[in-house]
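Remarks on the overall topology
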Number of protein chains: 2
Amino acid sequence: SIWTLFLRGLLLPSYPPKMKEGLEFPSFDGRDRVLNVNERNYKKALKKYDMMCLLYHEPLPSDKELQQHILTESCDLCPLGLEEEGSIYVFKDERVIEFDGELSADTLVEFLLDLLEDPVELISNPMEQRAFERMDEDIRLIGYFKGEDSEHYKAFQSTAEKFQPYVKFFATFDKGVAKQLTLKMNEIDFYEPFMDEPVTIPGKPNTEEEIVDFVNQHRRPTLRKLRAEDMFETWEDDMDGIHIVAFAEEEDPDGYEFLEILKEVARDNTKNPDLSIVWIDPDEFPLLTTYWEKTFKVDLFRPQIGVVNVTDADSVWLNMRNDEALPSAEELEDWIEDVLSGKVNTEDDDDDDDDDDDYDDNDDDSSDEDHYGDDDDDD
Amino acid sequence: SIWTLFLRGLLLPSYPPKMKEGLEFPSFDGRDRVLNVNERNYKKALKKYDMMCLLYHEPLPSDKELQQHILTESCDLCPLGLEEEGSIYVFKDERVIEFDGELSADTLVEFLLDLLEDPVELISNPMEQRAFERMDEDIRLIGYFKGEDSEHYKAFQSTAEKFQPYVKFFATFDKGVAKQLTLKMNEIDFYEPFMDEPVTIPGKPNTEEEIVDFVNQHRRPTLRKLRAEDMFETWEDDMDGIHIVAFAEEEDPDGYEFLEILKEVARDNTKNPDLSIVWIDPDEFPLLTTYWEKTFKVDLFRPQIGVVNVTDADSVWLNMRNDEALPSAEELEDWIEDVLSGKVNTEDDDDDDDDDDDYDDNDDDSSDEDHYGDDDDDD
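Since the model is a prediction, treat every value here as computed from it, not as a measurement.

In this section: the side chain of A:R227. Turning to its location among the elements, A:R227 is positioned in the loop between β10 (223-225) and α8 (231-236). The contacts of A:R227, once residues within four sequence positions are left out, are A:D138, A:Y166 and A:F285.

The following block contains the structure:
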């Protein structure tokens, strides 16, 4: 059973009745299913429910006495390791998982459902292997083991539980699949998002500690997609206060083309620990699109790449003209080099408007004198 | 400019403040941006705004006098062609588009943003062509024309506006792309979802009327994906009161495998006008997952296929055992044949529980004596 402690704001609106049955969204029936967790009942609650979703909230503003009461209770929950008020934590199998994604009912429920799946998915035939290979947006591990009883598989499985649902774990017991993936017995491969080739975890067979260490060391990819389920966690993992952000709609021909160029750049620079590009598909964040266009002063109907300062949301964008071809991978790499060296940054243009600034930025109107977006990419 | 008339229930909850800037979801600032449209102002409103989103609502329940007032106003809007109270209509370029999707802010805003895109996307290089080929979930048309000034392109473009955003229209002016797609000048190909080969619209060059007729005739695909943006429209388009429904998570190895089998069945039966399978990816409807599992008595962590009666949500499901291989395309086709002939239906089991019933259903516990799910599919 799952026990969910929802934000009152997350309670679902009721939908108009439809004539045809089979697609009824849940509407609030008036029954309060939210439990108050406090010092007296938290141990019992943790025992009773396989999985528990807890909102660690600020004191309610309505009742002064009640406020004091809940504040005390919140402090009493600190032994559980809760740090951030206003955060949502999920308790499952002795683990506390912080939910740091979009605060919408959809995203939270999907997160909870993901946590109910098996931590390791088995790949047993060529079709399932193809499914595995298609998931190139995710950090994935796959190991080849003798069977379910193998102690090495068990170490892999308990590691998987620790990273669920953020890192995907797969295993195969099938010789043919292992051969196709060039996996030897007890070997584990780590796939970085958007990379063609995996990296093998050294020193097989691996202990749980070795796998955990390896994942933690390789966890920040060169190109990562912003996902609703952990968007705030990703955004907080900035590089010295900035993010290189690329907007591209995968379902749009232009966006797809730009994304392929980005992947090429990421593959060429996968060894660079200072580079991590955040790819945002605006299609997946319709409620943020207008805000981004206003804040960053960019047109999100076209692909864009820029540098964003996460302290003040100040930004500089590579000028790509509407009527010209997209930049080539080489041009993008030159620009990224300028970003990493500090030549392109969000501060330079704040005081002066000198004309040797090659890039478009959000503090003045865009200049057409940029050196990028020329047509050497045409064929 | 866009003028949106939102349901009050759709107003967004405010989110807790985050330290890092750049991902601020809009929160309601207290300003009422909803305009009351009535007989006196609707013409002016239609003129003023390029696009207008209107909720055609029932009388508000709070004020009797106001109720009467609004009721009258609603009737006065009937000349606009609005039929269903509680529905949302978008007015754009002399067109009225009913929004028949999930009533969530995300889905509605995405729908409005889609309507702001160009109705025809241009495909101008091999990479964009690859993007076009990957969109196999959508109904797509692509035409090869001389250029933007071609009268045939213009007919194509104005047809595209009529079907936006439900049917995707693409065009190319590039000889190389046209050759790759085996398109002759002024030829238009129609791609049914999940089919490898397109169908050419006969009698090129085509008039707007010919294209509209062709799309309307071919609009219901053999396999269609349930999408949040038009889920109620799809569900209302049942076949004699029933839907063949397949649940499969594309991101899951099992689900992917089952989906590939389904596509094979759809390709084999694309000429059958009586067959239209609705594919639902439970991942995309987290809020409905529990409801479906309860209503249909199926486990959605596994792929499922069944028949649903849309009048009462009664259903029968093909028994696929957890420990066995998925059915082959042939086995699925046999089952579908039994559904179409009425041999498998949702009513038979309602009165009696005779043992010659091959299929699992939601009225009694599943029997293990089914003939499907055997392992002749293993290799």
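As a further point, take unusual backbone geometry. Residues and elements named next belong to chain A. Geometrically, the link from Q164 to P165 is a cis peptide bond, its omega value of 0 degrees lying close to zero. Considering the arrangement of structural elements, one finds P165 in the loop between α5 (151-163) and β7 (168-172). The residue N186 is not glycine, and still its phi comes out positive at about 70 degrees. Residue K297 is not a glycine yet carries a positive backbone phi of 50 degrees. Relative to the helices and strands, K297 resides in the loop between α10 (286-296) and β13 (304-309). Since its relative accessible area comes to 57%, K297 is described here as exposed.

A few words now on a negative patch on the surface. Residue and element names in this part refer to chain A. Residues E264, D268, E330, D334 and E337 make up a contiguous surface patch of negative charge. Where the negative patch is concerned, the elements lending two or more residues are α9 (253-268) and α11 (329-340). Looking at which element gives the most residues to the negative patch, the answer is α11, with 3 residues. With respect to the element layout, E264 can be found in helix α9.

Rotating chain A by 180 degrees about the axis while translating it 0.0 Å along that axis superimposes it on chain B, leaving an RMSD of 0.0 Å. On the angle and the small slide along the axis, the relation comes out as a two-fold axis. The share of interface residues of chain A whose copies in chain B are also at the interface is 100%, consistent with both copies meeting through the same surface.

As a further point, take the pairing of strand β12 (residues 277-280) of chain B. All names here are of chain B. Alternating residues of β12 divide into I277 and W279 and V278 and I280, and every residue in both groups is buried. Both strand β10 (residues 223-225) and β12 contribute to a ladder of 3 bridges, which runs parallel. Directly across from L223, in β12, lies its bridge partner I277.

The next point concerns helix α4 (residues 126-134) of chain A. All names here are of chain A. If you check which residues of α4 are buried, you get E128, Q129, A131 and F132. With its buried residues spanning 155 degrees around the axis, α4 presents them on a single face. With a side-chain oxygen positioned 3.1 Å from the backbone nitrogen of M127, the residue opening α4 is N125.

Quick look at the interface of chain A and chain B now. Taken residue by residue, the interface counts 65 residues in chain A and 65 residues in chain B. The contact between chain A and chain B buries some 6300 Å² in all, and 62% of this surface belongs to carbon and sulfur atoms. Sorting the residues of chain A by area buried against chain B places A:L23, A:F25 and A:L287 first, and these three jointly supply 12% of that buried surface. For the pair chain A and chain B, the number of links is 3 salt bridges. The shortest N-O distance in the salt bridge between A:R134 and B:E250 comes to 3.5 Å. For the pair chain A and chain B, the number of links is 13 residue pairs in polar contact (both at pLDDT 80 or more). Sorting elements by how many residues they give to the side of chain A that touches chain B places α10(A) first, with 7 residues.

All names here are of chain A. Counting buried positions over the 5 residues of strand β6 (residues 140-144) gives 5, a clear majority of the element. The alternating pattern of β6 places R140, I142 and Y144 on one face and L141 and G143 on the opposite face, and all of these are buried. By the bridge criterion, 5 bridges tie β6 to β7 in an arrangement that is parallel. Note on β7: the bridge partner recorded for L141 is F169. You can see the chain leave β6, run along α5 and come back into β7, and the turn it takes is right-handed.

With that settled, the discussion passes to the packing of α4(A) against helix α9 (residues 253-268) of chain B. Where α4(A) meets α9(B), the axes come as close as 8 Å, and the angle between the chain directions of the two elements is 115 degrees. The angle between α4(A) and α9(B) places the two elements in the roughly perpendicular class. Between α4(A) and α9(B) lies a crossing whose hand is right-handed. Contacts from A:M127, A:E128, A:R130, A:A131 and A:R134 of α4(A) reach α9(B) at B:P253, B:D254, B:Y256, B:E257 and B:E260. Class assignment of the residues belonging to the contact of α4(A) with α9(B) gives a composition of 4 nonpolar, no polar and 6 charged.

Residues and elements named next belong to chain A. In this model, α11 (12 residues) spans 16 Å end to end at C-alpha, consistent with the 16 Å of a helix rising 1.5 Å per residue. Elements in contact with the buried residues of α11: β11 (242-247), α9, β12 (277-280) and β13. Just downstream of α11 lies G342, where phi reads positive at about 90 degrees.

Scanning all chains against the criterion turns up 29 salt bridges over all chains. With its nearest N and O atoms 2.7 Å apart, the salt bridge here joins A:D237 to A:R220. Taken together, the residues span a long stretch of sequence, with A:D237 in the loop between α8 and β11 and A:R220 in the loop between α7 (208-218) and β10 at a distance of 17 residues. You can call A:R220 partly exposed: its relative accessible area is 39%. Its salt-bridge partner being A:K263, residue A:E260 comes within 3.2 Å of it at the nearest N-O pair. You can see A:E260 and its partner A:K263 sitting in helix α9, 3 residues apart, about one turn around the helix. It is possible to trace a salt-bridge network through shared partners that takes in A:D136, A:E260, A:K263 and B:R130.

Calculation notes
Along each chain, residues carry numbers from 1 onward, in the same order as the chain's sequence is written. Whichever chain is written first becomes A and whichever ligand is written first becomes 1, with later ones labelled in order. Where totals are concerned, whole chains, interfaces and linings use all residues; where local detail is concerned, this predicted model gives features only for residues with pLDDT of at least 70, and gives and counts side-chain atom pairs only at 80 or more. Side-chain metrics in this entry use all non-hydrogen atoms of the structure; hydrogen atoms and water are not considered. Numbered from the N terminus, helices here are DSSP runs of H or I no shorter than four residues, and strands are runs of E no shorter than two. Residue contacts are counted whenever heavy atoms from the two residues lie within 4.5 Å of one another. Only protein chains enter the accessibility calculation, which uses a 1.4 Å probe; a residue whose area is less than 20% of its type maximum is buried, one above 50% is exposed, and one in between is partly exposed. Surface patches are drawn from residues lacking salt bridges whose relative accessible area is over 30%; two like charges belong together within 9 Å, two nonpolar side chains (Val, Leu, Ile, Met, Phe, Trp, Tyr) within 5 Å. The Shrake-Rupley method, run with a 1.4 Å probe, gives the accessible areas here. Residue values count only the displayed protein chains as cover. Each salt bridge in this description consists of a side-chain nitrogen of Lys or Arg and a carboxyl oxygen of Asp or Glu lying within 4 Å of one another. We treat Lys and Arg as the positive residues and Asp and Glu as the negative residues; His and chain ends play no part in the count. By convention, the point assigned to a charge is CZ for Arg, NZ for Lys, CD for Glu and CG for Asp. Residues below a pLDDT of 70 in either copy are left out; the C-alpha atoms of the rest, at least 70 in both, set the least-squares superposition of the copies. Should DSSP find at least two bridges between two strands, the strands are taken to pair. What the arc covers is the set of directions going from the helix axis to the C-beta atoms. Between N or O atoms, a polar contact is any pair within 3.5 Å; within protein, one atom must be a potential hydrogen donor and the other a potential acceptor, and residues adjacent in sequence are included only when both atoms are from side chains. The term buried area means the drop in 1.4 Å probe accessible area that two parts suffer when joined, counted for both and summed. Here a crossover is taken to be right-handed if, once the strands point away from the viewer, the path from the first strand over the helix to the second is traced clockwise. Inter-axis angles, ranging from 0 to 180 degrees, are taken between N-to-C directions of lines fitted to C-alpha atoms, where helices are fitted over the stretch in contact. Oblique is the label for every angle not falling under 35 degrees (roughly parallel), over 145 degrees (roughly antiparallel), or within 65 to 115 degrees (roughly perpendicular). Working rule for handedness: look at the near helix, and if it is turned counterclockwise from the far one by less than a right angle, call the crossing left-handed; if clockwise, right-handed. By the convention adopted, Pro, Cys, Tyr, Trp, Phe, Met, Ile, Leu, Val and Ala count as nonpolar, Lys, Arg, Asp and Glu as charged, and the other residues, Gly among them, as polar. Expected span, for any helix, means 1.5 Å times one less than how many residues it has.

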